[in-house]
Amino acid sequence: MSPDQWSLLLQALWETCYMVMISGLLSFAIGIPLGCLLYITRTGCINENKLTNAVIGSIVNAGRSVPFIILMVAIVPFTRLITGSSIGTTAAIVPLTIAAIPFVARITEGALNEVPVGLIEAAQSMGANTWQIITRILLPEAIPGLINGMTITLVTLVSYSAMAGAIGGGGLGDLGIRYGYQRFDAAVMLATVVMLIILVQLIQMTGDRLQKFYTRR
């Protein structure tokens with residue numbers, strides 16, 4: 001590979017990291033509260049509300065069922081409204097975030113399901129309100145499961161960001177398509193794949209270490 005190609009590769013790596021980190025943070029910020037709401041409103045839980053649970057659950061399930069490549073195209077007007085453009089690295093963050101929110105919500109709900117019911121009942125018997133139960137019991141106890149879920153989400157976002165390159169989203173996927181596939185440059189294609197593998201490995205290793213740390217605590 002030439003120096004110019006290495007420069008393009010590093011730029012594409014930065015764009016991928018930028019897309020994944022920003023969309024990951026946004027999806028966690030929205031998806032975790034949504035998952036908490038799904039948990040506390042289910043039947044037999046602390047704030048049981050079947051209608052709210054059914055409506056939110058249906059929206060989350062619908063979001064999870066739409067393939068990402070279709071979602072990107074379907075929300076182009078919304079993406080343009082938010083970012084002023086439908087192509088580019090920043091524009092790709094919008095569909096990436098929307099695609100990840102339902103997964104984070106369900107992962108959060110699953111992690112909260114692992115919290116012993118006895119802890120919640122003990123907190124209720126001491127007069128704790130819903131907010132205190134969520135912030136002092138549920139979320140702290142579910143941290144290992146949440147970290148595992150966040151790791152899975154970030155790895156998924158890496159693969160989604162590569163697909164975003166198919167419609168001009170930038171990043172390693174865009175580089176691989178434009179230079180590796182369309183120009184038949186095997187070196188660029190191989191370097192792109194290797195970079196994606198290394199990025200996924202780093203995310204997974206970091207997540208595994210954090211999960212083990214909080215599990216021991």
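Residues numbered from 1 in each chain as written. Predicted model: local features only at pLDDT ≥ 70, side-chain atom pairs only at ≥ 80, totals over all residues. Heavy atoms only, no water.

**Q** Before we move on, can you summarise the overall build of the chain with the specific residues and values?
**A** Within the chain, the secondary structure is distributed over 10 helices and zero strands. Shown N-terminal to C-terminal, the secondary structure of the chain runs as helices and strands in the order α-α-α-α-α-α-α-α-α-α. Based on the C-alpha atoms only, the size of the chain along its principal axes is roughly 70 × 40 × 25 Å. The burial tally for the chain puts 40% of its 217 residues in the buried class. For the chain, restricting intrachain contacts to residue pairs at least 6 apart in sequence, the fraction spanning at least 24 positions comes to 72%. When the accessible surface of the chain is split by element, carbon and sulfur atoms take 66% of a total near 11600 Å². A distance of 3 Å separates the average location of the 12 positive side-chain charges in the chain from that of its 10 negative side-chain charges. (Helix = DSSP H or I, 4+ residues; strand = E, 2+ residues; numbered from the N terminus. Buried < 20%, exposed > 50% of the residue type's maximum accessible area, 1.4 Å probe, protein only. Contact = heavy atoms within 4.5 Å. Areas by Shrake-Rupley, 256 points an atom, 1.4 Å probe, with all protein chains shown as cover. Lys, Arg positive; Asp, Glu negative; His and termini not counted. Charge placed at Lys NZ, Arg CZ, Asp CG, Glu CD.)

**Q** Break down the side chain of Glu-109 for me, citing the residues and quoting the values.
**A** Summarising the element assignment, Glu-109 is placed in helix H5 (residues 89-113). Within polar-contact distance, the side chain of Glu-109 engages the side chain of Arg-106 at 2.6 Å. Filtering out sequence-adjacent residues up to four positions away, Glu-109 remains in contact with Gly-35, Leu-38 and Tyr-39. (Polar contact = N/O pair within 3.5 Å; in protein donor to acceptor, adjacent residues only side chain to side chain.)

**Q** Could you give an account of the nonpolar core, with specific residues and numbers?
**A** Judged by nonpolar contacts, the single largest core of 47 residues is most densely connected at Tyr-39, Phe-68, Ile-133, Leu-138, Leu-157 and Leu-172. Elements represented by at least two residues in this core include exactly helix H1 (3-40), helix H3 (68-74), H5, helix H6 (117-125), helix H7 (130-141), helix H8 (143-164), helix H9 (171-181) and helix H10 (186-216). It is H1 that contributes the most residues to this core, 10 residues altogether. Contacts of Ile-133, omitting those with residues within four sequence positions, involve Ile-46, Ile-120, Ala-123, Gln-124, Ala-128 and Leu-138. (Core = buried A, V, L, I, M, F, W, Y, C linked by side-chain atoms within 4.5 Å.)

**Q** Help me get a handle on the packing of helix H2 (residues 50-65) against H5, residues and values and all.
**A** Contact pair H2 / H5: the axes reach a minimum separation of 8 Å and the direction vectors enclose 125°. Between H2 and H5, the interaxial angle falls into the category oblique. Read as a crossing pair, H2 and H5 show a hand that is left-handed. Where H2 approaches H5, its residues Gly-57, Val-60, Asn-61, Gly-63 and Arg-64 are matched on the opposing element by Pro-102, Phe-103, Ala-105 and Arg-106. (Axes fitted to C-alpha atoms, helices over the stretch in contact; angles between N-to-C directions. Parallel < 35°, antiparallel > 145°, perpendicular 65-115°, else oblique. Left-handed = near helix turned anticlockwise from the far one by under 90°.)

**Q** Tell me about H5, and name the residues and values.
**A** Each full turn of the α-helix corresponds to 3.6 residues, which orients residues three or four apart in the same direction. Taking 1.5 Å of rise per residue, the 25 residues of H5 would be expected to cover 36 Å, and the 36 Å separating its terminal C-alpha atoms lies within 8% of that figure. Approximately 25° is the largest bend angle found in H5, and it occurs at Ile-101, with the proline Pro-102 only one to four residues beyond. Buried residues dominate H5, accounting for 18 of its 25 residues. (Expected span 1.5 Å × (residues − 1). Bend = angle between axes of the 7 residues up to and from the residue.)

**Q** Pulling in residues and values, what's your account of a nonpolar patch on the surface?
**A** A cluster of nonpolar residues, Val-66, Ile-69, Ile-70 and Met-163, forms a patch on the protein surface that exposes about 300 Å² of accessible area. Using a relative accessible area of 34% as the deciding quantity, one classes Val-66 as partly exposed. (Patch = residues over 30% accessible without salt bridge, like charges linked within 9 Å, V, L, I, M, F, W, Y side chains within 5 Å. Salt bridge = Lys/Arg side-chain N within 4 Å of Asp/Glu carboxyl O.)

**Q** Give a detailed account of the packing of H7 against H8, specifying residues and quantitative values.
**A** Where H7 contacts H8, the two axes come as close as 5 Å, and the packing angle between them is 60°. It follows from the interaxial angle that H7 and H8 lie oblique. Facing Leu-139, Pro-140 and Glu-141 of H7, the residues of H8 in contact are Ile-143, Pro-144 and Leu-146.

**Q** Which residues make up the packing of aromatic side chains, and what values do they have?
**A** Enumeration over the complete set of coordinates arrives at two aromatic pairs. Taking 4.5 Å as the distance between ring centres and 0° as the angle between the ring planes, the aromatic pair formed by Phe-68 and Tyr-160 counts as stacked. Of the two residues, Phe-68 sits in helix H3 while Tyr-160 sits in helix H8, which places them 92 residues apart along the sequence. (Phe/Tyr/Trp six-rings, centres within 6.5 Å; stacked < 30°, edge-to-face > 60°.)

**Q** Would you mind going over the environment of Asn-148 in detail, with residue names and values included?
**A** With respect to the helices, strands and loops of the structure, Asn-148 is situated in helix H8. C-alpha separation for the pair Asn-148 and Gly-207, spaced 59 residues apart in sequence, amounts to 6.4 Å.

**Q** Now, about the side chain of Thr-79: what can you tell me, with residues and values included?
**A** With respect to the helices, strands and loops of the structure, Thr-79 is situated in helix H4 (residues 76-83). The class for Thr-79 is buried, based on a relative accessible area of 3%. The residues touching Thr-79, leaving out its near neighbours within four places in the chain, are Gly-84, Ser-85, Ser-86, Ala-91, Val-94 and Pro-95.

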